[in-house]
Amino acid sequence: MKVTIVGAGAVGASCAEYVAIKNFASEVVLLDIKEGYAEGKAMDLMQTATLNGFDTKITGSTNDYSKTANSDIAVITSGIPRKPGMTREELIGINAGIVKEVSSNLIKHSPDVTLIVVSNPMDTMTYLVHKTTGLPKNKIIGMGGALDSARFKYRLSEALECPPSDVDGMVIGGHSDTGMVPLTRLATRNSVPVTAFLSEDRLNQVAEDTKVGGATLTKLLGTSAWYAPGAAVSGLVQAIACDQKKMFPCSALLDGEYGLSDLCIGVPAILGKDGLEKIVELQLDEAEIAKMKESAEGVKKTNGLLDV
Ligand code: NAI
């Protein structure tokens, strides 16, 4: 199992580390445009192999895509992250060109690859890859909801004063401060609806804190986060590599599901060896449907800035 990660920056390197530590891939190639950077990150990570006990071989490459040949899965994290006060949508001008070029280079050397798009604005970048590469739609997946759901569960566990592992919950919709739809109605603590423990006001606060989860960290760190994003991507990579049939909210190209079409947006999906194998349609209530519709309008507005 060969995994390529383009962009050896904060998120790409974190993802490489989690993939290696989970020890399911034979090879990880890190590729970056910055001279020597991916080689350096790969060497540093390889020097953790005996410390962390993994056998994955990690190599680096400065923009030489022949090194990525025959990758089963490729992750695109190349591009610029946001700075404090910026929205993800503001990154489109620079990142669209990078994502288009990177995805085309990857496919030239790995025609059967499954692509996981991470660069922001992620839903629009995922849509761009669908529009420009011609890969089958199950082979292009955007990562956002897995991270947003992890942040949601963290905020719920804070409110419930319980360990995060006791909590389950999901965020669907667009991966943006205004587009996320945290499904508070369906969230549970040890299978009991969280509505049994938390007031409506407290749950609304949890939802709002989740939506600005990325912005909160960007303010604290001066740039966007990397541990949870890297871990979330590695979960998607593992589900595909190990044919786990696990469900994650992913940015998928919709064709009528949830009453939406011709956009990529976060919906629950089953991931396995064929990539995004099935979109799961939840029974949403009226308020949730309205939020999804509003979220989709926001994503489509950003898609309108693309030259496709
Ligand atoms: P970073 O700046 O640390 O790393 C980006 C890397 O991409 C840099 O090393 C840069 O040299 C490289 N790069 C730029 N152009 C390239 C090209 N044409 N080919 C190859 N490499 C190229 O940024 P970070 O923090 O790793 O974030 C990366 C992207 O992921 C950003 O767009 C960020 O907004 C996004 N992101 C998305 C998340 C999600 O949930 N979808 C979560 C966190 C970040």
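Where an unreviewed UniProt entry is consulted, the chain appears under the name Malate dehydrogenase, with the organism given as Christiangramia crocea.

By nearness alone, 29 residues border the ligand, and Ala10, Val11, Asp32, Ile80 and Met143 come closest of all. Measuring from an oxygen atom of the ligand, one finds a backbone N or O atom of Ala10 at 2.9 Å. Interatomic distance of 3.3 Å between a backbone N/O atom of Ile33 and a nitrogen atom of the ligand. When isolated, the ligand has an accessible area of 870 Å², and the protein chains bury 89% of it.

Residues in a regular strand project their side chains so that they alternate between the two faces of the sheet. Of the two faces of strand β4 (residues 73-76), the one lined by Ile73 and Val75 and the one lined by Ala74 and Ile76 are each fully buried. One ladder, built from four bridges, connects strand β1 (residues 2-6) with β4; its direction is parallel. Note on β4: the bridge partner recorded for Thr4 is Ala74. The pairing of β4 with strand β5 (residues 114-117) spans four bridges and is classified as parallel. When the bridges of β5 are listed, Ala74 appears paired with Leu115. Where the polypeptide runs from β4 across helix α4 (residues 92-109) and back to β5, its parallel neighbour, the crossover connection is right-handed.

Here we come to the sheet that holds strand β10 (residues 188-189). Ordered by their spatial adjacency, three strands build an open sheet running β7-β10-β11, and the pairing between neighbours is antiparallel. Every interior strand has two partners, whereas the edge strands, β7 (167-168) and β11 (192-193), have only one. Looking at chain direction, β10 and β11 are connected through two bridges and run antiparallel. Across the sheet, Arg189 pairs through a bridge with Val192, a residue of β11.

It is worth spelling out unusual backbone geometry at this point. Here the residue pair Asn120 and Pro121 is connected by a cis peptide bond, since its omega of -5° sits within 30 degrees of zero. Considering the arrangement of structural elements, one finds Pro121 in the loop between β5 and α5 (122-133). One non-glycine residue, Asn70, lies in the positive phi region at around 60°. You can see Asn70 is positioned in the loop between β3 (57-62) and β4. According to the relative accessible area criterion, Asn70 is exposed, its value standing at 60%.

As recorded in UniProt, the feature "binding site: NAD(+)" (unreviewed entry) lies at Gly7, Ala8, Gly9, Ala10, Val11, Gly12, Asp32, Asn95, Val118, Ser119 and Asn120. Turning to its location among the elements, Ala10 is positioned in helix α1 (residues 10-22). On the accessibility criterion, Ala10 (41% relative accessible area) is partly exposed. Those residues in contact with Ala10, other than ones at most four positions away along the chain, are Lys41 and Trp226. A relative accessible area of 12% means that Val118 is categorised as buried. Those residues in contact with Val118 that sit more than four places away from it in its chain are Val11, Val75, Ile76, Thr77, Met143 and Val233.

This brings us to the side chain of Thr62. Following the sequence through the fold, Thr62 ends up in strand β3. Reaching out from Thr62, the side chain makes a polar contact with the backbone nitrogen of Gly36 at a distance of 3.0 Å. Contacts of Thr62, omitting those with residues within four sequence positions, involve Asp32, Ile33, Lys34, Glu35, Gly36 and Glu39.

For the rest of this paragraph, the subject is the environment of Cys264. Relative to the elements of secondary structure, Cys264 occurs in strand β13 (residues 261-272). Taking the C-alpha atoms as reference points, Cys264 and Asp123, 141 residues apart in sequence, are found 5.4 Å from one another. In this structure Cys264 touches Asp123, Thr126, Tyr127, His130, Ser251, Ala252, Leu253 and Val299, once residues within four positions along its chain are discounted.

This part covers the packing of α5 against helix α10 (residues 286-303). At a closest axis distance of 9 Å, the pairing of α5 and α10 adopts a crossing angle of 60°. The angle between α5 and α10 places the two elements in the oblique class. For α5 against α10, the interelement crossing comes out right-handed. Between α5 and α10, the residues in contact are Asp123, Thr124 and Tyr127 and Val299, Thr302 and Asn303, respectively. When grouped by side-chain class, the residues that make up the contact of α5 with α10 number two nonpolar, three polar and one charged.

Turning our attention to the environment of Ala13. By secondary structure assignment, the location of Ala13 is in helix α1. Among the residues examined, Ala13 registers a relative accessible area of 10% and is labelled buried. Distance from Ala13 to Asn204, taken between C-alpha atoms, is 34 Å for residues 191 residues apart in sequence. Every residue in contact with Ala13, bar those within four places of it in the chain, is listed here: Gly7, Ala8, Lys41 and Leu45.

Here is what the cut-offs are and how they apply
Residues numbered from 1 in each chain as written. Predicted model: local features only at pLDDT ≥ 70, side-chain atom pairs only at ≥ 80, totals over all residues. Heavy atoms only, no water. Near = heavy atom within 4 Å. Polar contact = N/O pair within 3.5 Å; in protein donor to acceptor, adjacent residues only side chain to side chain. Areas by Shrake-Rupley, 256 points an atom, 1.4 Å probe, with all protein chains shown as cover. Buried < 20%, exposed > 50% of the residue type's maximum accessible area, 1.4 Å probe, protein only. Helix = DSSP H or I, 4+ residues; strand = E, 2+ residues; numbered from the N terminus. Pairing = 2+ DSSP bridges. Right-handed = clockwise from strand over helix to strand, strands pointing away. UniProt positions renumbered as here; feature names shortened; annotations may be inferred. Contact = heavy atoms within 4.5 Å. Axes fitted to C-alpha atoms, helices over the stretch in contact; angles between N-to-C directions. Parallel < 35°, antiparallel > 145°, perpendicular 65-115°, else oblique. Left-handed = near helix turned anticlockwise from the far one by under 90°. Nonpolar A, V, L, I, M, F, W, Y, C, P; charged D, E, K, R; others polar.

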